[in-house]
Structures are given as C-alpha cells and as structure tokens.
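# Summary of the model geometry
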Amino acid sequence: MKKFDVTALGELLTDFIQNGESTQGNPLFEANPGGAPCNVLAMLSKLGYNTSFIGKVGNDSFGSQLKDAITDVGINSDYLYMDDEVHTTLALVHTFPDGDRDFSFYRNPGADMMLTEDEIPEDVIKNSRIFHFGTLSMTHEGVRNATKKAVGIAKDAGVLISFDPNFRPPLWKTLDEAREQVLYGLGQCDILKISDNEIQWLSGETDYTKGVEWINRQFNIPLILVSMGKEGSRAYYKGDMVEVAPFIQEKTIETTGAGDTFCGCILHYILEHGLDDLSKEDLKEMLIFANSAASLVTTRKGALKVMPSREEVMSNISI
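Everything in this summary refers to the structure shown in the same document. Predicted, not measured: the structure shown is a model, and the values here were computed from it.

### Overview of the overall build of the chain
For the chain, the count of helices and strands is 10 helices and 13 strands. Computed over the C-alpha atoms, the radius of gyration of the chain is 18 Å, within 12% of the 20 Å expected from 2.2 N^0.38 for a compact globule of 319 residues. Each of the three principal axes of the chain carries a C-alpha extent, and together these read 50 × 45 × 40 Å. Expressed as a percentage of the 319 residues in the chain, the buried residues total 56%.

So, in structure tokens, the structure goes:
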C-alpha cells in the first residue's frame, strides 16, 4: 500500500474572479484559491483519496490563505513551500457571457516559479500511485528542471504519470518553447487529458481523432481524454474511441476548474479500475461521471473549495 493515491506538482495561486459590481459600477473580484494541479487533487480528496501537493507560494497573506485552503479540503501540504522573497502568483479571470474565460497573470516572477530541484521530495513521489503535472511548472528553467526531476523519479519508480498541458499562451516566451515542453509531457505520460483547442493547436488537425492519431504515432499514450466543453468528452484507448455528451447546466456561472474536475474524476476511475483492461462500457461510465462532476463545478464560483461530492455527481447523472 502506498501512502498517497495521487501526488501533483505545479502552481497554486489566487484566482481573482469577477463577482458582481460595486455601487459605482466597478467590477468586484473575489479571491478564490486556484491552480490546475490542486483543483485536480481537490476533486480526488472530495472522493476520499489521499493526495499530496508539491509547489511554492509566497510567504504572504495570499500564500497563507492558499495553504489553509488546500489543507481544509484534505490535500497534504507538507511540501508546499513558502518563499520569503517572491510573492504568491495571482491570476485575474475575466468571464465572458457564455461562461468561458480569459486569464491575466501577475507572475513576473511568481512564487510558483521558484520551486527548485532540491525541494522535490523523492519519497513522496515514489510512495504515490499516480503522479500528475502540467506545463505551468515548465515555463521557466528552474521550476522546469524541478518538474522534470519529479517526473523522472515517478517514471523510475513505476508510478503512473498523468499529464494535462493546461496551455496558457501569455505565460510562455514563445509558442515554440511551449510546444517543446508539451511534447516532453506527452512523451512521459500514461494518461493524457487535453482540451479541444490544445489538441488542434498542437497537432494542426481540426478533427480530434486525427489529432489523437498524430500524438499516438509519436508517443503511444495508453489513455487519452479530449475535453470538448459544451460538446462533451472523448476517451481514446487501445484503438477504441468513446464519446459522451455533456451535462448542460442552466445555472452555469463560469467554467473555471471544470477541466480539472473532469481530470480528477478520470484519475479516480483509474485508481478504482486500473489502466490495463478497460472496456468501452468502462470508458463510457468513466466519462459520464467526469462530465457530470465538471458540469456541477460550472455552477459554482471558483473550484478548489467547491468540488461536488460523489452523491451530488451521481444524483446529477440520474436526473
């Protein structure tokens, strides 16, 4: 038995999400804990799994709030470091009428970029069933080296590796550099969660299946999930493709964290059933649960602290 079901490495930051207007008509922003890897862990913790996070925040009020937030939802924070020199990374999330978003990052530098190779806890990674990461921890050389050290430890220890590019163009010096690091992630992972616009950007294919084929010609990833927003999601596994329709919520507010919630639910299914022998029915069941959970998060502000319970997800499916 391993101590942790899932360990994730990456960014933990404060998402300022618009929440109404002042009496003067100015937008009001609410400070929500965020960051894709921790959102994934929050969903898993809600489902009863043991999770741990590796990352860095500033030794400031935002950093303290974030540490409290992940601890409150059940994520182990022993390897969340506090930087005395660099402030916690901030993101302003601008929400469009359809619920989609645009991000403005205050991260030049941000504390999440300051994680070093020496701070990677080897024993924690080896003692995990799944290791999860994205590309925001690969935008700059120091944290990139730390991330790759962690991935190498996981791979050498036979830990399943999950990867979500979570591509944010403004954070990269060039798109060529971003592409190089995404391709690195594809070459390491056993489970890939990728969005519709990411797979089109990466492969140059407008057809998602052709995009997956492009990826697998180079990397042969066992399980690829394509999240398609209002079009639902797909799973590609051993030559099979299963597509499941979305759950459309009338009370959708914004989509922050929906993809991370989806990803957390996918990892939940793999933890329960393994990755070696999934049927088409298994894939369908997995996607229905993940789509249901993701839809519920779109009705709530923020994500990390408002993940749905298993009962809520199942009740939504039965409606």
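On we go.
### So, the nonpolar core
Membership of the largest hydrophobic core comes to 50 residues, with the highest contact counts inside it found for Leu12, Leu223, Leu225, Ile266 and Met286. In contact with leucine 225, other than residues within four places in its own chain, are Ile191, Leu192, Lys193, Ile194, Arg234, Ala235, Phe262, Ile266, Met286 and Leu287. Residues Leu9, Phe131, Ile221 and Val226 belong to the second largest nonpolar core, which totals 37 residues.

### Looking at helix α6 (residues 196-203)
For α6, the complete set of buried residues consists of Glu198, Ile199, Leu202 and Ser203. The buried residues of α6 all sit within an arc of 105° when viewed along its axis, so they share a single face. Directly beyond the C-terminal end of α6, a positive phi value near 75° is found at glycine 204.

### Things to note about the pattern of salt bridges
Under the definition given, this model contains 10 salt bridges. With its nearest N and O atoms 2.9 Å apart, the salt bridge here joins arginine 234 to glutamate 243. Judged by its relative accessible area of 42%, glutamate 243 falls in the partly exposed class. A salt bridge links arginine 310 to glutamate 272; its shortest N-O distance comes to 3.8 Å. Of this pair, arginine 310 sits in helix α10 (residues 310-318) while glutamate 272 is found in helix α8 (residues 258-273), placing the two residues 38 residues apart along the sequence. We classify arginine 310 as partly exposed; its relative accessible area is 30%. Put simply, Lys56, Asp83 and Glu119 are held in one network by salt bridges that share partners.

### Observations regarding the pairing of strand β5 (residues 75-83)
Where strand β4 (residues 51-58) and β5 come together, 7 bridges link them in parallel fashion. Along β5, the bridge assignment pairs valine 57 with methionine 82. Assessed by its sense of winding, the connection that carries the chain from β4 through helix α2 (residues 61-72) to β5 is right-handed.

### Side note on the sheet that holds β5
The strand order across the open sheet built from 9 strands is β5-β4-β1-β8-β9-β10-β11-β12-β13, with neighbouring strands paired in mixed fashion. Looking at the sheet topology across the chains shown, the edges are occupied by β5 and β13 (240-244). Taking the axes of each pair of neighbouring strands and ignoring which way they run, one obtains an average angle of 15° across the sheet. Where strand β10 (residues 191-195) meets strand β11 (residues 223-227), 5 bridges bridge the pair, whose relative direction is parallel.

### Concerning the environment of glycine 152
For glycine 152, the position within the fold is in helix α4 (residues 141-156). C-alpha separation for the pair glycine 152 and glutamate 122, spaced 30 residues apart in sequence, amounts to 10.0 Å.

### A short note on unusual backbone geometry
A cis amide bond links asparagine 108 with the next residue in sequence, proline 109, at an omega value of 0°. For proline 109, the location among the structural elements is in the loop between β7 (101-106) and α3 (122-126). Even without a glycine there, the phi angle at asparagine 166 is positive, about 45°. With respect to the secondary-structure elements, asparagine 166 resides in the loop between β9 (160-164) and α5 (175-188). Here the phi dihedral of lysine 238 falls at roughly 50°; this positive angle occurs in a residue that is not glycine. With respect to the helices and strands, lysine 238 occurs in the loop between β12 (233-237) and β13.

### Some remarks on the packing of α6 against helix α7 (residues 208-218)
Interaxial distance between α6 and α7 falls to 9 Å at its minimum, and their mutual angle equals 55°. Classified by the angle between their axes, α6 and α7 sit oblique to one another. In the crossing of α6 with α7, the sense of the turn from one axis to the other is left-handed. For the pair α6 and α7, the contacting residues are Asp196, Ile199, Gln200, Leu202 and Ser203 in the first and Tyr208, Gly211, Val212, Trp214 and Ile215 in the second. Split into classes, the residues belonging to the contact of α6 with α7 amount to 6 nonpolar, 3 polar and 1 charged.

### Re the state of the cysteines
The tally for this structure, following the rule as stated, stands at 0 disulfides. For the unlinked cysteine cysteine 38, the closest cysteine sulfur is that of cysteine 263, found at 13 Å. In this structure cysteine 38 comes out as buried when scored by relative accessible area, which is 0%.

About the criteria used
Residues numbered from 1 in each chain as written. Predicted model: local features only at pLDDT ≥ 70, side-chain atom pairs only at ≥ 80, totals over all residues. Heavy atoms only, no water. Helix = DSSP H or I, 4+ residues; strand = E, 2+ residues; numbered from the N terminus. Rg over C-alpha atoms; globule rule 2.2 N^0.38 Å. Buried < 20%, exposed > 50% of the residue type's maximum accessible area, 1.4 Å probe, protein only. Core = buried A, V, L, I, M, F, W, Y, C linked by side-chain atoms within 4.5 Å. Contact = heavy atoms within 4.5 Å. Arc of directions from axis to C-beta. Salt bridge = Lys/Arg side-chain N within 4 Å of Asp/Glu carboxyl O. Pairing = 2+ DSSP bridges. Right-handed = clockwise from strand over helix to strand, strands pointing away. Axes fitted to C-alpha atoms, helices over the stretch in contact; angles between N-to-C directions. Parallel < 35°, antiparallel > 145°, perpendicular 65-115°, else oblique. Left-handed = near helix turned anticlockwise from the far one by under 90°. Nonpolar A, V, L, I, M, F, W, Y, C, P; charged D, E, K, R; others polar. Disulfide = S-S within 2.5 Å.

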